[in-house]
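Close look at the chain arrangement
The lines below spell out each chain.
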Amino acid sequence: MSPNNKLQPVRGTHDILPEEAARRRYLEDAMAHVCAMYGYGEIRTPIFEFTDVFHRTLGDTSDVVTKETYTFNDRGNESLTLRPEFTAAVVRAFISNALQEKLPFKAFYCGPAFRYERPQKGRLRQFHQFGAECLGLAEPVADIEMIALADHMLSKLGLREYVTLELNSLGDTQSRNTYRTALVEYFNDHRTALSADSLVRLEKNPLRILDSKDPADRALIADAPDAKAYFTRYAEDFFGTVTSSLESLEIPYTLNSRLVRGLDYYSHTVFEFTTNALGAQGTVLAGGRYDGLVAMMGGADVPGVGFAAGIERLLALTEAMIQESPGFKPAAVPLVVIPVDDAQETEALRLTQELRRHFPVELVTRGNMSKKMKRAARHNPNVVLLVGENEVQNGTVTVKHMQDGSQHNIARSELAAHIAAVKN
Ligand code: ATP
Ligand code: MG
């Protein structure tokens, strides 16, 4: 590290300053509120886990594991990994806490995740996800609820009309296996055109090739066989129920037979909410069913379905399309209290504390009156409260209305009511 870089944040990370933090808090609170309507409580897992939690579950060929994890040995020589996503961590917690006793387990989460990626707009090394998981329901009703929840959250944020719900099914294990064979055959016939990464995927997990971003691969993918041709009756009925239910809920969707998730453990329904407004980083929310994951991690045979949204992408989409989330309130303009002389500082402090039970208040002290008024102006207040010698003696405060410069002497006992009237 060169000395000049020492005070910069690490590449791909950034400081979230109060204005942005307020927008994030609104977004997160609004989504958490919707989750509560669907019976999802919050879960908070540790930011790091034993490396196996992610490496075994995400699969050896996923980009996340091969290129993107932050893995390190701690001082006790344990291999740990900063979470690159939440699902494996939530499932680990589900197993550690023996939660299979009361199913379904429904939880949402929100927090930072870490991937060593090439930073770009909408692609960071520390980013944030908001997501939900439902464990213990094998029926399509859970897939539908999950999509309805995501749709509801995006509507609540005012973003639904700017995203498309893309939908696909990977089928059940049996359909996946026959489909896999068909894919291997197809891509084997076109080996020479495949990227080096996809040649490895071809050996280990050919479905993953469909998720490749390599342009040469993309050309081949366009003509690859379709999973639907290999569906079992069960897989077909399952997906049929999902699509017909979405129609009856009037949730619009587009079928995309090339949609697979980047991670190994998905089956049946996969979905993404995408936009064209964010360039290449167009997926704002992605999810699907992962029936094998809990068992793969050493738990009972418990099915699961979930999704994760990228908070930075939701914020970027908000900025690009609607500037401000509906219902978002910027921080309130504070009142400013000024003691006329230093002698009234204690009284001004007491008044400030009293008013802070009702309003945001800034206290400005020291220096002559014109200096104090200048400093007060930086807060852009509607009202400045002056506490001078007379005011202290009479139990009043001088209320200065900044818009017209008018001043009123108000009894302390009436002050809160007076200000409330002005502020509305
Ligand atoms: P992408 O195809 O964009 O790399 P992904 O398939 O790796 O996405 P998931 O693992 O499904 O992404 O993560 C869910 C969501 O988290 C993504 O849809 C996206 O909104 C967000 N996300 C993923 N990686 C990043 C990142 N590096 N920076 C910001 N947001 C991210
Ligand atoms: Mg990725």
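Numbering of residues begins from 1 in every chain and follows the order in which that chain's sequence is written. In the order they appear in the text, chains get letters beginning with A and ligands get numbers beginning with 1. Only residues with pLDDT of at least 70 get local features here, since the model is predicted, and only at 80 or more are side-chain atom pairs given and counted; chain-wide, interface and lining totals rely on the full set of residues. Only hydrogens and water are set aside; all other atoms, that is, all heavy atoms of the structure, feed into the side-chain values.

1. Concerning the sheet that holds strand S13 (residues 361–363)
- Strand order in the open sheet made by the 5 strands is S13-S12-S14-S15-S16, with mixed pairing throughout. The sheet terminates laterally at S13 and strand S16 (407–411), the two strands that pair on one side only. When strand polarity is set aside, the average angle formed by the axes of neighbouring strands in this sheet is 30°.
- In this analysis, strands are considered paired if DSSP registers two or more bridges between them. A run of DSSP states H or I qualifies as a helix once it reaches four residues; a run of E qualifies as a strand once it reaches two. Both are numbered from the N-terminal end. Relative to strand S15 (residues 396–401), strand S14 (residues 383–387) runs antiparallel, the two being bridged by 4 bridges. Directly across from Leu-385, in S15, lies its bridge partner Val-399.
- Working rule for contacts: check all heavy atoms of both residues, and any pair within 4.5 Å makes them a contact. Axes, fitted as lines to C-alpha atoms, cover a helix only where it is in contact. Angles between the N-to-C directions of the axes lie from 0 to 180 degrees. Contacting strand S12 (335–339), S13, S14 and S15, helix H12 (residues 345–355) runs over the sheet at an angle of about 160° to S12.
- Across the sheet, helix H13 (residues 369–377) touches S12, S14 and S15, and the angle it forms with S12 is around 165°.

2. Here's the deal with the nonpolar core
- Grouped together as the largest cluster of nonpolar side chains are 47 residues, with contacts concentrated most on Leu-135, Phe-187 and Leu-210.
- For this core, the secondary-structure elements that each account for two or more residues are helix H2 (51–58), helix H3 (63–68), helix H4 (87–96), strand S5 (105–114), strand S6 (126–135), helix H6 (173–189), helix H8 (215–221) and helix H10 (293–296).
- Apart from residues no more than four positions distant in its own chain, Phe-187 is found in contact with Leu-194, Leu-202, Ile-209, Leu-210, Leu-220, Ile-221 and Ala-224. Working definition of a nonpolar core: buried Ala, Val, Leu, Ile, Met, Phe, Trp, Tyr and Cys residues. They are joined through side-chain atoms within 4.5 Å. We call a residue buried when its accessible area falls under 20% of the maximum for its residue type, exposed when it is over 50%, and partly exposed in between, using a 1.4 Å probe and counting protein chains only.

3. As for the domain arrangement of the protein chain
- Taken domain by domain, the protein chain consists of domain 1 (18–172 + 232–318), domain 2 (174–227) and domain 3 (335–423).
- Start and end positions for the domains come from either an automated domain assignment or a database one. Measuring from the centre of the C-alpha atoms in domain 1 to the corresponding centre in domain 3 gives 50 Å.

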